Amino acid sequence: MVTLDKPNTYNSTLVSRILSNLKHSCRRDYLRKRFVIRWVVILVTIVLLVHYFGESKLKFDVRFGEHHDHDRVVEFKRHVHQEQEDTEERKQKRHVHQEQEDTEERKQKRHDDMLNNLAQGLQPPKQENLGVKEEKKEEVAPPAAIVPVKEEVKKREKIHAFVGETNLPPVYLDYIDVNQPWDKAAEEESKTKWKVNKYLSDRTPLNRDTKDGRHETCSRREYQADLPAASVVLVFYNEALSVVLRTAFTVLKESRPNLIHEILLYDDGSTNDELMAPLERHIAAYPKIRLVRAKERGGLVKARLYASREARGEVLLYLDAHCEPTPGWLEPLLEPIAKDRKTVTVPSLDAINWVTLDYAGADTIYVIGGVNWLMNMLWAPIPEREKERRQKEDPYPITANLRTASMAGGLFAMDRQYFKELGEYDEGMGVWGGENMELSFRIWMCGGSMLFIPCSKVGHIFRAAHPYDFMGNNGDVVSKNYVRTARVWFDDELEFFYKIRPQFRDLEVGDLSERHALRERLQCNNYAWFIRNVYPELPLERDLVASGQFRTDGDLCMDTRGGDLAESNPLHLGQCHNAPTPNSASNRFMMLTKDNRLMGLNYCCDSGFSAELQFRKCHLQGGAQKFEFDPQTRLIRQGESRCVMGDTSKQKVVMADCDPSNVNQLWTFEYYYATT
């Protein structure tokens, strides 16, 4: 019998479940797809609606001027399109329109500058060589987040010092025939009368090329473009016309026009005919040259004072009227003043031969202006402290600006308002002499500073003698100027000054109350501060072992005979004076310092060049300039075995083997100070 199996219920149920799940899964996929499609359609619709209504809104706002941001966008697009399609003709029209809107002041300035150049036979300066920032019209300030790159570049703009053109057509005095045969007798006569070779000067171009004697590093230096303009002041009295004009024309030729506000010719009562109508005729074509005439002669000091009150430039720049500035001279003088208005700058002086008018030059980049107890300016070696300072602070240390204790004569640049605040010149001073030292003391002691500028070189004619008199006071005027200075500024050191110049003790010099009040108002430091902080090379009396006449037991004295005014001169031996004359007092005034220097009033004694003592610049390094006094034996020793001796046969002071029995090696001093 065959038996049939029962149906498998488990398998049937499983199949049913699978089919059911498959059905539901398909439905879920269908619903999900419908959902996605539905939202895609909605999003596309929204985008289309936004785009449609957005465009309509923009069009509506542009039409009625309500959408300001879009308005600026449209305007910007239009401007860009206009710029792209701009023609050279339209650019030229806008340039002309801009010129028409320019101010009358700027037009006049450019006109004056052009006349100055053309009158000298110069080509109009190229714009790229001027190095001057153009004036910007007022503009809407950019957003804070936007950096004005072009303006930042202008603020950092640097320029090289200006070098004038060379080989220009020569300009001569209009009444001189340079083709006439040379008159040797007339030349010699002119040298005697004018103390300069006027005959040669009259036949030398007024715009001749000047020698660029700067150190090579000077041409690499850069200066800020926005420098102040200067009034160049030239004071003259009966100078040769050609010399005065050459000074003025060379200033124009070697200077950027925008840095010269004016050249002020101040005539201090001249009487020579050629300085009347001929002078006015020769400067008529130069708008920047201005002539002012004094009603009567006042002397150099007063003339410079009165000229400063006539000047209009931001900076006062004094030159003698017998100078020739050289290429690149002006920017180095002006930049320190632009950085600090209380800084006074002094150019480097080069020599022009008064006979040949040749430019000789000078090694003045290796010296500074020093002082002595005679109140003279002297050239002194650069101190080690200055060498170290400029080595640290300047990429070209050999031509870095130097702190200088004094200025030579009257060549300097100074902020005009600061000059006035500082008290100008001492109006009580006579014709000439000492005013440069008085101003030097006042600058330093009253809060200012003074820099010697090696890269600013000015040629100067050092004449054989003064071609003018001292208004009847030749013997007294300079001495009075010195004493006025000493009584105002020397404080406790005044008595030492009188020891050196005893004839000055009772000299009448006029009222000083105004100058004392000025010093009080400016709250100035004392003279000891000046020595300690500005020129410590000059010893104070408290720094001395001995001073005055240095006398041997053979009754002979050390005598400089004026030789310590220059290097290499010997120290002499001469008769002592119990009642010395003014000159003999200073010639026999010696000093022995606590730091072992044997010196006159200017330079130090040095044994390193010969057996005879010679005067050399003080170097403070000891060695051949080190002398020690032994109070027990009264010998002045150098080392263990060498001593200072008066050689009666040679009338010189020499070095010899020490011998305490030799009366010419035993010294006594007019003033001997305790050494403890």
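Each residue is numbered by its place in its chain's sequence as written, counting from 1. Since the coordinates come from a predicted model, pLDDT governs what is reported: local features require at least 70, and pairs of side-chain atoms require 80 or more to be given and counted, while whole-chain, interface and lining totals use all residues. The basis for every side-chain value is the complete set of heavy atoms in the structure, and neither hydrogens nor water enter the calculation.

### Quick notes on unusual backbone geometry
Then comes step 1: Of note, the phi angle at Lys 195 is positive, near 60°, even though the residue is not glycine.
Then comes step 2: For the purposes of this entry, the term helix denotes a DSSP run of H or I that reaches at least four residues, the term strand denotes a run of E that reaches at least two, and both are numbered from the N terminus. Examined against the element boundaries, Lys 195 turns out to sit in the loop between α7 (184-194) and α8 (198-202).
Then comes step 3: Even without being a glycine, Asp 555 presents a positive backbone phi close to 65°.
Then comes step 4: Mapped onto the elements, Asp 555 comes out in the loop between β14 (544-552) and β15 (556-559).

### Details of a nonpolar patch on the surface
Then comes step 1: There is a patch of nonpolar side chains on the surface, built from Val 36, Val 40, Val 44 and Leu 48 and spanning about 340 Å² of accessible area.
Then comes step 2: Within the secondary structure layout, Val 36 lies in helix α1 (residues 9-64). Patches in this entry comprise residues that are over 30% relatively accessible and not in a salt bridge; like charges within 9 Å are linked, as are nonpolar side chains (Val, Leu, Ile, Met, Phe, Trp, Tyr) within 5 Å. In this description, accessible areas are obtained by the Shrake-Rupley approach with a 1.4 Å probe, and a residue is regarded as covered only by the protein chains that are shown. Throughout this description, the term salt bridge denotes a Lys or Arg side-chain nitrogen within 4 Å of a carboxyl oxygen of Asp or Glu.

### Describing the packing of aromatic side chains
Then comes step 1: Stacked, tilted and edge-to-face are the three classes applied to pairs of Phe, Tyr and Trp rings, where Trp contributes its six-membered ring and a pair requires centres within 6.5 Å; stacked means planes under 30 degrees apart, edge-to-face means over 60, and tilted covers the rest. In this structure the tally under the stated criterion is 23 aromatic pairs.
Then comes step 2: Ring geometry for Phe 419 against Tyr 425: centres 5.7 Å apart, planes inclined by 75°, an arrangement best described as edge-to-face. Neither Phe 419 nor Tyr 425 differs from the other in exposure class; each is buried.
Then comes step 3: By the ring-pair criterion, three or more aromatic residues cluster together here, those being Trp 373, Phe 441, Phe 490, Phe 496, Phe 497, Tyr 498, Phe 504, Tyr 527, Phe 530 and Phe 589. For every residue, the accessible area (1.4 Å probe, protein chains only) is compared with the maximum for its type, and the residue is labelled buried under 20%, exposed over 50%, or partly exposed between those bounds.

### Points about the confidence of the model for the chain
Then comes step 1: Each residue carries a pLDDT score, the predictor's confidence in it, ranging from 0 to 100. Looking at the chain as a whole, its pLDDT mean stands at 82, while 76% of the residues score no less than 70.
Then comes step 2: Whether two residues are in contact is decided by their heavy atoms: any pair within 4.5 Å suffices. This model gives residues 1-11 a pLDDT under 50, and the stretch forms zero contacts once residues within four places in sequence are excluded.
Then comes step 3: Counting interchain partners and residues more than four positions distant, the pLDDT-below-50 stretch residues 83-104 has 11 contacts.

### Some remarks on the pattern of salt bridges
Two side chains bearing opposite charge may form a pair once their charged atoms approach each other closely.
Then comes step 1: According to the stated counting rule, one finds 45 salt bridges in the structure shown.
Then comes step 2: Note that Arg 341 is salt-bridged to Asp 415, the shortest N-O span being 3.5 Å. Remark: Asp 415 occurs in strand β12 (residues 412-415) and Arg 341 occurs in the loop between α12 (330-339) and β8 (343-352); sequence separation between them is 74 residues.
Then comes step 3: A salt bridge links Arg 532 to Asp 543; the shortest N-O distance between them is 3.0 Å. Linking Arg 532 in helix α19 (residues 527-533) with Asp 543 in the loop between α19 and β14, this pair joins segments that are 11 residues apart in sequence.
Then comes step 4: When its relative accessible area of 43% is taken as the criterion, Arg 532 is described as partly exposed.
Then comes step 5: Each of Lys 184, Glu 187, Glu 188 and Lys 191 takes part in a single network of salt bridges with overlapping partners.

### Concerning the side chain of Glu 541
Then comes step 1: Following the sequence through the fold, Glu 541 ends up in the loop between α19 and β14.
Then comes step 2: Looking at Glu 541, the relative accessible area reads 17%, which means it is buried.
Then comes step 3: Pairing of N or O atoms within 3.5 Å defines a polar contact, subject to two protein rules: one partner must be a possible hydrogen donor and the other a possible acceptor, and residues neighboring in sequence count only if both atoms are side-chain atoms. A distance of 2.7 Å separates polar atoms of two side chains, one belonging to Glu 541 and the other to Tyr 673.
Then comes step 4: Not counting residues up to four positions away in its chain, the partners in contact with Glu 541 are Glu 493, Phe 496, Lys 499 and Tyr 673.

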